[in-house]
Amino acid sequence: MKYRIKPIDPLISRDARQFGAGSPMHSLNWLTNTVIAGSIRTFLWKLSDNPESRETINALKKISVTGNFPILDGKIYFPRPLDIIQSSKDIYQIKPGKFPDNYGANMPIDGLMPSFPDSDEDFKPEKLNAFWDKDLIIDWLIYGKNNFTLDKTLTLSAPAQDERVHASINPLTGTAKDGKLFSTTGLDFIHKKGDDKKFNPDRFSQENISIDIDSKNLPEKFIAPVGGERRLAEFSRCDEDSILWQYPENNNISQIIDGNLKLVLASPAIFKNGWLPDWINEKTLTGTIPNTNVNVKLISAVTERWQPVSGWSYEQSKNLRHKPMRRAVSAGSVYFFEITSGILEIKSIWLKSICLDEQNINDGFGLVLAGKW
């Protein structure tokens, strides 16, 4: 079932840094998968007949909550692939390649190739918006730089930042406690801030965020806390979004890949070996793509700095417990493969998880988009 989220307040998705009196609470640039999943499961947990039982908790953890993608004017947006950069003059594609003569680097794994922009020009990359329209991203995935035009009207930047200063209140006197000031930074989906180059939450708030939930126990519409400070958002069922998630059945767009494959993370991924997918052998760089019979060899990868994932849990006791911080591969990261056997039908893996851990899959980590390079 597809649902849309319309934030009522600026939402906080913490970046796992320590937080306390006198220190700020920082938010990531986008809501993490676990923030959305936790909100849904906590809402259902409060409705359950026996919330303290292990059976109830285990059942809630098995509920799959995936997605968390912006929707605007009837179009869905995905994180920008990291294999594109732009100068003031042109756009460039990052591809695997060999080091020039007399150059080299210590690669993390023997046999892994570096990736370079297809230009020798010395330039400072310009900042690109965080999200791309589905049609735009498919053009890039299938055709690359060839005949590609980066239409900025089909891109969105991250929501504006909402900063607030708070005081701790003494419940007996109703007055602020001395020295107990702290600040929070949230994602503002409500007010318009900044100039035209920045994200416009006024337009965004008309439709908002699309997610997929495999639970039939949710009402058609409800309001629930989301993220830090328990800020509120409205959830509305919208199964019409299903067609927006699907890979288009278009004869002009490639449906299968049998040569060089690239996978772009549409959501952050958590692997046991850090940036390296669990199903890739660290020595041979080979493996089988999950839930397919397609064997591949990893050629190269383009990733950003790891993304922190943490949060709070009701599971360990009646009181909230802080979850240990984990490192996720950032959304938009690109993995370049060579298909060694089999043929990949793109729609069979489109927005499916390439994580192996069941809980990470249920939490929506590792969703991918597929294309050629």
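Calculation rules
Residues numbered from 1 in each chain as written. Predicted model: local features only at pLDDT ≥ 70, side-chain atom pairs only at ≥ 80, totals over all residues. Heavy atoms only, no water. Helix = DSSP H or I, 4+ residues; strand = E, 2+ residues; numbered from the N terminus. Rg over C-alpha atoms; globule rule 2.2 N^0.38 Å. Buried < 20%, exposed > 50% of the residue type's maximum accessible area, 1.4 Å probe, protein only. Contact = heavy atoms within 4.5 Å. Areas by Shrake-Rupley, 256 points an atom, 1.4 Å probe, with all protein chains shown as cover. Lys, Arg positive; Asp, Glu negative; His and termini not counted. Charge placed at Lys NZ, Arg CZ, Asp CG, Glu CD. Pairing = 2+ DSSP bridges. Axes fitted to C-alpha atoms, helices over the stretch in contact; angles between N-to-C directions. Salt bridge = Lys/Arg side-chain N within 4 Å of Asp/Glu carboxyl O. Polar contact = N/O pair within 3.5 Å; in protein donor to acceptor, adjacent residues only side chain to side chain. Arc of directions from axis to C-beta.

A. Quick peek at the overall build of the protein. When its secondary structure is counted, the protein shows seven helices and 25 strands. Computed over the C-alpha atoms, the radius of gyration of the protein is 22 Å, within 12% of the 21 Å expected from 2.2 N^0.38 for a compact globule of 373 residues. With the C-alpha coordinates aligned to their principal axes, the bounding extent of the protein is approximately 70 × 45 × 40 Å. The buried share among the 373 residues of the protein stands at 49%. Contacts in the protein between residues far apart in sequence, at least 24 positions, make up 72% of those at least 6 positions apart. Only carbon and sulfur atoms are counted for the fraction: they give 47% of the accessible area of the protein, which is about 19200 Å². Charge centroids of the protein, computed over 46 positive and 46 negative side chains, lie 5 Å from each other.

B. Molecular detail of the sheet that holds strand E6 (residues 91-96). Across the sheet, three strands lie side by side as E5-E6-E7; this open sheet has antiparallel pairing. Each edge of the open sheet is held by one strand with a lone partner, namely strand E5 (84-86) and strand E7 (115-117). Taking each pair of neighbouring strands and ignoring which way they run, the sheet shows an average axis angle of 25°. Sheet topology places E5 next to E6; three bridges connect them, and they run antiparallel. In the strand pairing of E6, Ile84 is matched with Gln93.

C. Main features of the pattern of salt bridges. Counted according to the given criterion, the structure contains 10 salt bridges. In this structure, the salt-bridge partner of Lys145 is Asp118, at a minimum N-O distance of 3.7 Å. A residue pair is termed long-range when its members are at least 10 positions apart, and Lys145 in the loop between helix H3 (134-143) and strand E9 (155-156) and Asp118 in the loop between E7 and strand E8 (131-133) qualify at 27 residues. With a relative accessible area of 25%, Lys145 lands in the partly exposed category. Asp118 sits in the partly exposed class, given a relative accessible area of 39%. When salt bridges with common partners are traced through the structure, they connect Glu220, Arg237 and Asp239 into a single cluster.

D. Representation of the sheet that holds strand E17 (residues 286-288). The strand order across the open sheet formed by five strands is E17-E18-E23-E16-E25, and the pairing between neighbours is antiparallel. Edge positions in the open sheet fall to E17 and strand E25 (368-372), since each of these has one partner strand only. The sheet shows a mean angle of 35° between the axes of neighbouring strands, direction not considered. For E17 and strand E18 (residues 295-302), the ladder comprises three bridges, and the chain directions are antiparallel. If you follow Thr286 over to E18, its bridge partner there is Lys297.

E. Up close: unusual backbone geometry. In the Ramachandran plot, Asn68 falls in the positive-phi region, its phi being about 70° despite a non-glycine side chain. In this fold, Asn68 is placed in strand E3 (residues 65-72). The residue Asn147 is not glycine, and still its phi comes out positive at about 55°. Here Asn147 shows up in the loop between H3 and E9.

F. Spotlight on the side chain of Ser53. Residue position: Ser53 is located in the loop between helix H1 (33-47) and helix H2 (54-61). Using a relative accessible area of 16% as the deciding quantity, one classes Ser53 as buried. Here Asn50 takes part through its backbone oxygen, which lies 3.1 Å from a polar atom of the side chain of Ser53. At a separation of 2.7 Å, a polar atom in the side chain of Ser53 contacts the side chain of Thr56.

G. Examining H2 more closely. All of the buried residues along H2 are Thr56, Ile57 and Leu60. Taken around the axis of H2, the buried residues stretch over an arc of 95°, which confines them to a single face. Residues of H2 that are buried sit in contact with H1.

H. Just the pairing of E25, in detail. In terms of burial, E25 is largely enclosed, as four of its five residues are buried. Two elements, strand E16 (residues 260-265) and E25, share five bridges in a ladder whose sense is antiparallel. Within the sheet, the bridge partner assigned to Leu261 lies in E25 and is Lys372.

I. Focus on the pairing of strand E23 (residues 334-341). Bridging between E16 and E23 involves five bridges; their strand directions are antiparallel. Paired with Lys262 across the strands is Phe336, a residue of E23. Bridge count between E18 and E23: seven bridges; the pairing is antiparallel. Looking at the pairing, Ser300 lines up with Phe336 of E23.

J. Focus on the side chain of Asn33. The topology assignment puts Asn33 in helix H1. Non-local contacts of Asn33, meaning those with residues more than four positions away in its chain, are made with Asn68, Ser267, Pro268, Asp363, Gly364 and Phe365.

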